[in-house]
Amino acid sequence: MKLQTKLAHTVGELLKAEGLTISAAESCTGGLLLSTLTDISGSSAYVMGGVVTYSNEAKQQLVNVQEATLIEHGAVSEATAREMVVGVCQLFDTDLGISITGIAGPGGGTPEKPVGLVYIGIQYREQIAVRRFVWDGNRIENKIHSVNMALEMIQAFVTQSS
């Protein structure tokens, strides 16, 4: 399992060509998405910033995830991913945002929320979508799967909306 660096380059070129900016709120990926995007020379033209919101407190303080959402749905949920992506777009005033929250493993899973469960949220202008995934890799593989899927989602959203 490898990061799709070619896709990161393609996404960067697409964002640059469309004049779009991006930000990210990452939990289980720990900043790997933005690290991958900023590995591309010239990424300062479109990457505005991001936050690693690993704790519930960080989710609340940095990207305005509501305490009630965390209590009712948990940190790893569609509702939390949705609030994270809206909050990060507001924080950095970007055209596009990504949120990633999940259980990378090897511990932390439950029957309802197994190891490898990840929610990826995307906001592009007024559109918001959250997708649910369950990866079956180890911790690093689950992080890489999540970043690769986030890149695919960015490409799909921007391409379909152009």
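Structure: see above.
Described in the following lines is the structure provided in the data block. (Residues numbered from 1 in each chain as written. Predicted model: local features only at pLDDT ≥ 70, side-chain atom pairs only at ≥ 80, totals over all residues. Heavy atoms only, no water.)

Some details on the sheet that holds strand β4 (residues 117-124)
Two pairing modes exist for strands in a sheet, parallel and antiparallel, and in both the strands are linked by backbone hydrogen bonds. Strand order in the open sheet formed by 5 strands is β2-β1-β3-β4-β5, with mixed pairing between adjacent strands. Where the open sheet ends on each side, the last strands, each with one partner, are β2 (47-52) and β5 (127-134). This sheet shows a mean twist of 10° between the axes of neighbouring strands, independent of strand direction. Relative to strand β3 (residues 96-102), strand β1 (residues 22-26) is paired through 5 bridges, and the arrangement is parallel. Bridging across to β3, serine 23 finds its partner in glycine 97. (Pairing = 2+ DSSP bridges. Helix = DSSP H or I, 4+ residues; strand = E, 2+ residues; numbered from the N terminus. Axes fitted to C-alpha atoms, helices over the stretch in contact; angles between N-to-C directions.)

Digging into the packing of aromatic side chains
The full count for this structure, using the stated rule, is 1 aromatic pair. With 5.0 Å between their ring centres and 10° between their planes, phenylalanine 133 and tryptophan 135 make a pair best called stacked. Overall, phenylalanine 133 belongs to the buried group, its relative accessible area being 9%. (Phe/Tyr/Trp six-rings, centres within 6.5 Å; stacked < 30°, edge-to-face > 60°. Buried < 20%, exposed > 50% of the residue type's maximum accessible area, 1.4 Å probe, protein only.)

Observations regarding the state of the cysteines
Counted by the stated rule, this structure contains 0 disulfides. Between cysteine 89, a free cysteine, and cysteine 28, which holds the nearest cysteine sulfur, the sulfur-to-sulfur gap is 18 Å. (Disulfide = S-S within 2.5 Å.)

Let's talk about helix α3 (residues 56-63)
Of the positions making up α3, those classed as buried are Ala58, Lys59 and Val63. Buried positions in α3, seen along its axis, are confined to an arc of 105° and lie on one side of it. Structurally, α3 contributes buried residues whose contacts are with β1, β2, α4 (67-73), α5 (78-92) and β3. (Arc of directions from axis to C-beta. Contact = heavy atoms within 4.5 Å.)

Concerning the nonpolar core
Burial of nonpolar side chains together is a common tendency in soluble globular proteins. Counting 33 residues, the largest nonpolar core has Ile22, Leu33, Ile98, Ile120 and Ile154 as the members making the most contacts within it. Where this core is concerned, the elements lending two or more residues are α1 (5-18), β1, α2 (32-38), β3, β4 and α6 (139-161). Discounting chain neighbours no more than four positions away, the residues touching isoleucine 154 are Val11, Leu15, Ile22, Leu96, Ile98 and Ile122. Counting residues in each nonpolar core, the second largest holds 7 residues, with Val51, Val63, Leu70 and Val88 among its members. (Core = buried A, V, L, I, M, F, W, Y, C linked by side-chain atoms within 4.5 Å.)

Observations regarding the pairing of β2
The pairing of β1 with β2 spans 5 bridges and is classified as parallel. Residue pairing for β2: serine 23 is matched across the bridge by glycine 49.

Overview of the pattern of salt bridges
Overall, the coordinates contain 2 salt bridges when judged by the stated rule. Residue glutamate 13 is joined to lysine 16 by a salt bridge in which the shortest nitrogen-to-oxygen separation is 3.7 Å. Linking glutamate 13 with lysine 16, this pair stays in helix α1, spanning 3 residues, or about one helical turn. Judged by its relative accessible area of 39%, lysine 16 is partly exposed. Of the charged contacts, one joins arginine 82 and glutamate 78 as a salt bridge, the two residues approaching to 3.4 Å between their closest N and O atoms. In this pair, arginine 82 and glutamate 78 are both assigned in helix α5, 4 residues apart and thus about one turn of the helix distant. (Salt bridge = Lys/Arg side-chain N within 4 Å of Asp/Glu carboxyl O.)

Taken by themselves, the reported measurements are silent on function.
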